[in-house]
Amino acid sequence: VQLVESGGALVQPGESLRLSCEASEITFRWYTMGWYRQSPGKERELVAEIAGTGETKNVADSVKDRFIISRDDDKNKVFLQMNSLKPEDTAVYYCSARLEPLKPNYWGQGTQVTVSL
């Protein structure tokens, strides 16, 4: 199983960014897909998840109304649209896949998002 993230970049506060994660060698529609992030010195935290049904779940309070998670099961991809980015959103963002009700089985390698002037 492979999860490959892309789309990380250096952006200024207030700008938008879209992360993508492509999964291979899994029955994608069975999996709840998620985005986590980790900043230096902090624990990895859940940003948002999306079930195989398309239901968004477990969205972090810090990103509600700014970030949107979506998926395209035909392309085995999950996306994270990040709007109104803040410096505190700076982190390595990881894609995850899990079978309900278990914890994530699979992780991507991460993509760096830096929000700075």
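Look above for the structure.
Residues numbered from 1 in each chain as written. Predicted model: local features only at pLDDT ≥ 70, side-chain atom pairs only at ≥ 80, totals over all residues. Heavy atoms only, no water.

## Description of the sheet that holds strand 3 (residues 17-24)
Inclusion rule: Paired strands are those between which DSSP finds at least two bridges. By the criteria applied, helices consist of DSSP H or I runs no shorter than four residues and strands consist of E runs no shorter than two, each listed in order from the N terminus. For helices, the fitted line uses only the C-alpha atoms of the stretch in contact; every axis is such a line through C-alpha atoms, and the angle between N-to-C directions lies from 0 to 180 degrees.
Here four strands make up an open sheet; going across it, the order is 1-3-8-7 and the pairing antiparallel. At either margin of the open sheet sits one strand with a lone partner, and together these are strand 1 (2-6) and strand 7 (67-72). Neighbour-to-neighbour, the strand axes of this sheet turn through a mean angle of 15°, independent of strand direction. Of the pairings in the sheet, the one linking strand 1 to strand 3 comprises five bridges and is antiparallel in character. Bridge pairing links Gln2 to Ser24 in strand 3.

## Quick word on the pattern of salt bridges
Condition: Counted as salt bridges are all cases of a side-chain nitrogen of Lys or Arg within 4 Å of a carboxyl oxygen of Asp or Glu. For every residue, the accessible area (1.4 Å probe, protein chains only) is compared with the maximum for its type, and the residue is labelled buried under 20%, exposed over 50%, or partly exposed between those bounds.
For the coordinates displayed, the defined rule picks out eight salt bridges. Note that Asp89 and Arg66 form a salt bridge whose closest N and O atoms lie 2.8 Å from each other. Taken together, the residues span a long stretch of sequence, with Asp89 in the loop between strand 8 (77-82) and strand 9 (91-98) and Arg66 in the loop between strand 6 (56-57) and strand 7 at a distance of 23 residues. Classification of Asp89 by relative accessible area gives buried; the value is 0%.

## Some remarks on the nonpolar core
Selection criterion: What we call a nonpolar core is a set of buried Ala, Val, Leu, Ile, Met, Phe, Trp, Tyr and Cys residues that are connected through their side-chain atoms within 4.5 Å.
In terms of nonpolar packing, the biggest core is built from 28 residues, with Met33, Trp35, Val78, Leu80, Met82 and Tyr93 touching the most fellow members. Taken together, the elements giving at least two residues each to this core come down to strand 3, strand 4 (32-38), strand 5 (45-50), strand 7, strand 8, strand 9 and strand 11 (111-115).

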